[in-house]
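# Per-entry structural report
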Amino acid sequence: MPVYQVYVRPLPASGKSSAFFLPNPNTICTRLILYMYLVKTPKLVQALLPAYLWRIPTREKILFLTFDDGPIPEVTPWVLDMLQTYNAKATFFCVGENVRRHPVIFQRILGAGHSVGNHTYNHLNGWNTENKTYLHNVRHCAHVVKSNLFRPPYGRLLPRQRAFLQEHYQIVMWDVLSGDFDFRQTAAQCLENVCANAQPGSIIVFHDSVKTNDKLRVLLPRVLDYFAGKDYRFAALPMQKQAALATAG
Ligand SMILES: [Zn+2]
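Residues numbered from 1 in each chain as written. Predicted model: local features only at pLDDT ≥ 70, side-chain atom pairs only at ≥ 80, totals over all residues.

Okay, the overall build of the protein next. In terms of regular secondary structure, the protein is built from nine helices and eight strands. When the 249 residues of the protein are sorted by exposure, 42% land in the buried category. When contacts within the protein are restricted to residue pairs at least 6 apart in sequence, long-range pairs at least 24 apart make up 79% of them. (Helix = DSSP H or I, 4+ residues; strand = E, 2+ residues; numbered from the N terminus. Buried ≥ 20, exposed ≤ 12 C-beta atoms within 10 Å, placed from the backbone. Contact = placed C-beta atoms within 7 Å.)

This part is about the pairing of strand β7 (residues 203-207). For β7, the buried fraction is high: five of the five residues fall into the buried class. Burial of the side chains of β7 extends over both faces: Ile203, Val205 and His207 are buried on one face and Ile204 and Phe206 on the other. Pairing between strand β1 (residues 62-68) and β7: five bridges, direction parallel. Bridging across to β7, Leu65 finds its partner in Ile204. (Pairing = 2+ DSSP bridges.)

Here Ser115 lies in strand β3 (residues 115-118). When sequence neighbours within four positions are dropped, the list of residues in contact with Ser115 reads Thr91, Leu149, Ala236, Leu237 and Met239.

Along its 16 residues, helix α9 (residues 213-228) runs 22 Å from first to last C-alpha, staying within 8% of the 22 Å computed at 1.5 Å per residue. Buried within α9 are the following residues: Lys215, Leu216, Leu219, Leu220, Val223, Leu224 and Phe227. Residues of α9 that are buried sit in contact with β1, α3 (76-85), α8 (187-197) and β7. (Expected span 1.5 Å × (residues − 1).)

It is worth spelling out the confidence of the model for the protein at this point. In the predicted model, the protein carries a mean pLDDT of 87, and 83% of its residues have values of at least 70. Taken together, the stretch residues 1-35 has pLDDT below 50 and engages in 42 contacts with residues farther than four places along the chain or on a different chain. (pLDDT = per-residue confidence, 0-100.)

A word on the nonpolar core. Judged by nonpolar contacts, the single largest core of 61 residues is most densely connected at Cys94 and Ile204. Among residues more than four places away in sequence, those in contact with Cys94 are Gly70, Pro71, Val99, Phe106, Val116, His119 and Val145. (Core = buried A, V, L, I, M, F, W, Y, C linked by C-beta atoms within 7 Å.)

Moving on, we come to unusual backbone geometry. Cis peptide bonds are those with omega within 30 degrees of zero, and the linkage from Gly70 to Pro71 qualifies with -5°. Relative to the helices and strands, Pro71 is located in the loop between β1 and α3. Positive phi outside glycine occurs at Thr120, with the angle close to 70°.

Structure below.
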């Protein structure tokens, strides 16, 4: 199994996306790069964006599991039960509208000692959204998710969005993607992605969403079992409970 898995899909001709590190969004090369992702974030990428949190530097056997896009009743309570079984803490990057719809589940996350982070109110893609609209959406989410942690949906921010948000938030990315969101990957492949690439201090991405539900129910217990068997513990990312952007500007 290679460390890096690259999936490439051509961009539709009408695509207007632009990448901050790529000068011309219309070249074939850029179009291909826009739709590939790496299971393991290369050190070079991490070094180019040092203000982002990619992993926690440590030699201690500790992993930071993160769950994006919830909370939703179909998946999140099950994730919480599973984490509790292993005495594991994690970090949930919540979509504001889901928090509004399911406040009891959101409170259960906090009550269990997990961290939460802002994932915008409507799961916006920064590359396709005007700065003002995007930041307004983050602020809207900040009214219900009081945390200094932020993760951009799809990992996509334009430079001005990034510059503004990093003044107010710790922007959390990852060094390992499970790939659970990718319909081409089986649970076994996702397990391999995590087991082959995680290291002490890794920040690992999963999703508590309807789309990933079936896969996660196979994947998560195995990840917990595998790393618990190697004497790892699972911790929540440090969080300050504050409204952050909600009170700014
Ligand atoms: Zn997301």
